[in-house]
Amino acid sequence: MQSVRGGVEKRWECMQAYFVPSLGPAPKWCSFLEGLTEELEETAAPAVYDDYRSVDWAQPIALSLDNCILL
């Protein structure tokens, strides 16, 4: 019986915990995560492609940039 219990304990040592705010509030023993996720929601960082815009085929041709288009 002792060897079985030791095996179960080792499996629990490797298990990691994750907090998913959309599933509900954080447990009392890790309430600091609730504050951390609220701070992250408040500070909206710009995405990589926020300053990009799409163009159609006519716009580069109108600006004489059709030689820059790679097909």
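The model shown is predicted, which means the values in this text are computed figures rather than measured ones. (Residues numbered from 1 in each chain as written. Predicted model: local features only at pLDDT ≥ 70, side-chain atom pairs only at ≥ 80, totals over all residues. Heavy atoms only, no water.)

A. Seen up close, the overall build of the chain. Scanning the chain for helices and strands turns up three helices and zero strands. In the chain, the order of α-helices and β-strands from amino to carboxyl end is α-α-α. Per-residue burial for the chain yields a buried fraction of 6% across its 71 residues. Accessible surface, the chain as shown: approximately 7300 Å² in total, 60% of it carbon and sulfur. (Helix = DSSP H or I, 4+ residues; strand = E, 2+ residues; numbered from the N terminus. Buried < 20%, exposed > 50% of the residue type's maximum accessible area, 1.4 Å probe, protein only. Areas by Shrake-Rupley, 256 points an atom, 1.4 Å probe, with all protein chains shown as cover.)

B. Here's a closer look at unusual backbone geometry. Phi at S64 takes a positive value of approximately 60°, unusual for a residue other than glycine. By secondary structure assignment, the location of S64 is in the segment after helix 3 (58–62).

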